[in-house]
Amino acid sequence: MIKSTKEIGPIFLGLVVLLTSCKEFKTSKEQPSTIAEEAEPLAGTFTNPLLDSGADPWTIYHQGNYYYIKSGDRAITLMRSPDITDLRNAEQKVIWRAPDSGDHSKNIWAPEIHYINDNWYIYVAADDGDNRNHRMFVLENTERNPFEGTFRMKSKLKTDANDNWAIDGSIFRHRKQFYFIWSGWEQPKLEGGEETQNIYIAKMSNPWTVSSDRVLLSTPEFDWERNWSYPGVWRPDAPVYVNEGPQTLPHGDKLHIVYSASGCWTPYYALGLLTMNMDSDPMNKNSWTKAKEPLFRQSEENEVFGTGHSSFFKSPDGTEDWILYHANDTPTEGCGGKRSPRAQRISWTANDMPVLGEPYPTSRRLRKPSGTRFQN
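Residues numbered from 1 in each chain as written. Predicted model: local features only at pLDDT ≥ 70, side-chain atom pairs only at ≥ 80, totals over all residues. Heavy atoms only, no water.

**Q** What should I look at first to understand the overall build of the protein chain in this one?
**A** In terms of helices and strands, the protein chain carries one helix and 25 strands. Per-residue burial for the protein chain yields a buried fraction of 51% across its 376 residues. Sequence-distant contacts, at least 24 apart, represent 54% of the contacts inside the protein chain between residues at least 6 apart. By element, 47% of the accessible surface of the protein chain is carried by carbon and sulfur atoms, the whole surface being about 18,600 Å². (Helix = DSSP H or I, 4+ residues; strand = E, 2+ residues; numbered from the N terminus. Buried < 20%, exposed > 50% of the residue type's maximum accessible area, 1.4 Å probe, protein only. Contact = heavy atoms within 4.5 Å. Areas by Shrake-Rupley, 256 points an atom, 1.4 Å probe, with all protein chains shown as cover.)

Have a look at this one:
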């Protein structure tokens with residue numbers, strides 16, 4: 001029993017000291033945990049772009065690694081990493097150089113690499129220095145490891161009976177049948193005339209041979225597909241209407257083709273969508289439904305422009321779908337060397353339709369694809 005107020009002082013002071021000590025002890029115990037919680041998400045995240053520059057990005061996941069392919073300086077470079085978001089530190093090798101002259105010596109565009117029947121194939125557009133002569137070509141490497149052996153010219157792909165202009169080719173397999181999709185002209189362009197790039201499809205008898213007539217799947221028809229002039233950057237002598245860069249994206253009961261529309265020299269370069277049911281015939285144009293609005297487009301608010309030429313990949317554990325695309329940081333950078341590869345996760349509706357949302361700003365930190373092996 002406390003007899004007087006003089007006895008309260010020491011007791012109160014002791015309680016204050018005890019409580020203060022406990023508080024300091026608790027704080028010191030929690031601090032490392034807080035740091036760890038902040039560090040772990042940082043280690044498992046990334047920001048776009050994945051490289052400072054690089055148009056028409058494409059990758060494939062094979063036996064624990066992503067193989068990312070790109071063109072430049074009349075050559076093709078292959079990069080390899082278990083972490084697609086860490087391309088800056090990826091192993092890389094120039095795997096093919098164009099010859100000094102000939103029909104595939106210049107303007108090496110949009111290579112893709114595919115692993116088919118234990119061989120590696122690269123599909124790439126090239127010409128002799130004249131864009132009117134752009135055609136698709138196939139390289140082959142018979143080694144299991146694409147960093148070994150040699151990629152040799154296998155064949156020029158004659159995409160139609162008249163051997164018309166063709167770029168941005170991609171192969172896919174559906175119901176045991178190989179198909180080729182690409183961007184092409186209906187007929188040779190007339191000097192000073194209007195130019196229209198369409199999306200076509202044809203059957204293939206093997207990875208280097210088109211074996212059927214081509215079928216038209218899409219032509220630029222909506223306003224958002226027909227942007228061709230952007231003052232201050234580049235204005236063609238005549239209108240150029242663009243559908244290009246087709247890529248397949250299967251999910252559930254649907255097969256999608258995502259393509260790029262409008263001129264890449266404009267900030268309005270965007271992604272469109274074609275969709276068919278899995279049990280339909282890809283060679284029947286009526287099997288496909290074309291979306292009236294773009295699937296993915298620029299975001300002025302996020303300062304991302306010219307969003308296009310996409311490809312798609314799975315996370316290392318196979319649970320997530322991701323888009324890989326190129327874009328610019330300003331609306332006036334056009335088709336130049338400032339286009340850079342970016343990645344973000346996509347989602348799906350209940351009826352198997354892709355949801356891409358909007359392109360994220362480069363300041364936004366994103367979680368790495370699920371199952372990614374990365375260095376802390």
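**Q** Is there a simple way to explain the sheet that holds strand β7 (residues 119-127) in this structure?
**A** Through backbone hydrogen bonds, the strands of a sheet pair up, either in parallel or in antiparallel fashion. On the basis of which strands lie adjacent, the open sheet formed by four strands has the order β6-β7-β8-β9 and antiparallel pairing. Looking at which strands have only one partner, the edges of the open sheet turn out to be β6 (106-116) and β9 (152-157). Pairs of neighbouring strands in the sheet enclose a mean axial angle of 25 degrees, with direction left out of account. Bridge count between β6 and β7: seven bridges; the pairing is antiparallel. Bridge pairing in β7 places Trp109 opposite Ala125. (Pairing = 2+ DSSP bridges. Axes fitted to C-alpha atoms, helices over the stretch in contact; angles between N-to-C directions.)

**Q** I keep staring at the side chain of Asp83 and nothing clicks. Help me out?
**A** Secondary-structure assignment places Asp83 in the loop between β4 (75-81) and β5 (91-97). Its relative accessible area of 4% is what places Asp83 among the buried residues.

**Q** Is there a simple way to explain the pairing of strand β19 (residues 270-277) in this structure?
**A** Consecutive side chains along a regular strand alternate between the two faces of the sheet. Across the eight residues of β19, seven count as buried, placing the element largely inside the fold. In the sheet, strand β18 (residues 254-261) pairs with β19 via eight bridges, with the strands oriented antiparallel. The partner of Ile257 across the bridge, within β19, is Leu274. Across two bridges, the pairing between β19 and strand β20 (residues 289-290) is antiparallel. For Leu274, the partnering residue across the bridge sits in β20 and is Lys290.

**Q** Sorry, what's going on with the sheet that holds β18 here?
**A** Pairing is antiparallel across the open sheet formed by four strands, whose spatial order is β17-β18-β19-β20. Lying at the two open borders of the sheet, with one neighbouring strand each, are β17 (243-251) and β20.

**Q** Before we go on, may I ask you to explain the state of the cysteines in this structure?
**A** The term disulfide refers to a covalent linkage connecting the sulfur atoms of a pair of cysteines. Per the stated rule, a full pass over the model turns up one disulfide. The disulfide partner of Cys264 is Cys335, and the gap between their sulfur atoms is 1.8 Å. Note on the Cys264 and Cys335 pair: the S-S dihedral is about 110 degrees, so by sign convention the disulfide is right-handed. A residue pair is termed long-range when its members are at least 10 positions apart, and Cys264 in the loop between β18 and β19 and Cys335 in the loop between β22 (321-328) and β23 (340-348) qualify at 71 residues. Residue classification places Cys264 among the buried residues on the basis of a relative accessible area of 16%. (Disulfide = S-S within 2.5 Å.)

**Q** What am I meant to see in the environment of Gly169 here?
**A** Its place among the elements puts Gly169 in strand β10 (residues 166-174). We classify Gly169 as buried; its relative accessible area is 1%. Taking the C-alpha atoms as reference points, Gly169 and Ile201, separated by 32 residues in sequence, lie 9.6 Å from one another. In this view, Gly169 contacts Glu112, Tyr123, Met136, Phe180, Ile181 and Trp182; residues no more than four positions away in its chain are not counted.

**Q** Looking at this model, I keep getting lost on unusual backbone geometry. Mind explaining?
**A** The phi torsion of most residues other than glycine is negative, and most of the peptide bonds are trans. A cis amide bond, omega 0 degrees, links Asn48 with the succeeding residue Pro49. Mapped onto the elements of the fold, Pro49 is located in the loop between β1 (45-46) and β2 (58-62). Positive phi, normally seen in glycine, also occurs at Asp73, with a value near 55 degrees. In this fold, Asp73 is placed in the loop between β3 (65-72) and β4. The class for Asp73 is exposed, based on a relative accessible area of 78%. With a phi angle near 40 degrees, His309 is a residue other than glycine that sits in the positive phi range. Within the secondary structure, His309 sits in strand β21 (residues 305-314). His309 gets classed as buried once you look at its relative accessible area, which sits at 5%.

**Q** Teacher, can you tell me more about the packing of aromatic side chains here?
**A** What describes a pair of aromatic rings is the distance from one ring centre to the other and the angle between the planes of the rings. With the rule as written, the count across this model stands at 17 aromatic pairs. Note on Trp182 and Tyr200: the rings are 5.8 Å apart at their centroids and 25 degrees apart in plane angle, and the pair reads as stacked. You can see Trp182 sitting in strand β11 (residues 177-184) and its partner Tyr200 sitting in strand β13 (residues 198-206), a full 18 residues away along the chain. A residue is classified by how much of its surface remains accessible, and Trp182, at 0% relative accessible area, is buried. One aromatic cluster in this structure is built from Phe46, Tyr61, Tyr66, Phe313 and Trp322. Of note, Arg80 hangs over the ring of Phe147, and the distance from its end group to the ring centre comes to 4.0 Å. Arg226 extends its terminal NZ or CZ atom over the ring of Tyr241, reaching a point 3.7 Å from the ring centre. (Phe/Tyr/Trp six-rings, centres within 6.5 Å; stacked < 30°, edge-to-face > 60°. Lys NZ or Arg CZ within 6 Å of the ring centre and 35° of its normal.)

**Q** Mind showing me how you'd approach the environment of Cys335 here?
**A** Cys335 gets classed as partly exposed once you look at its relative accessible area, which sits at 29%. Apart from residues lying up to four places away in sequence, Cys335 is in contact with Cys264 and Trp265.

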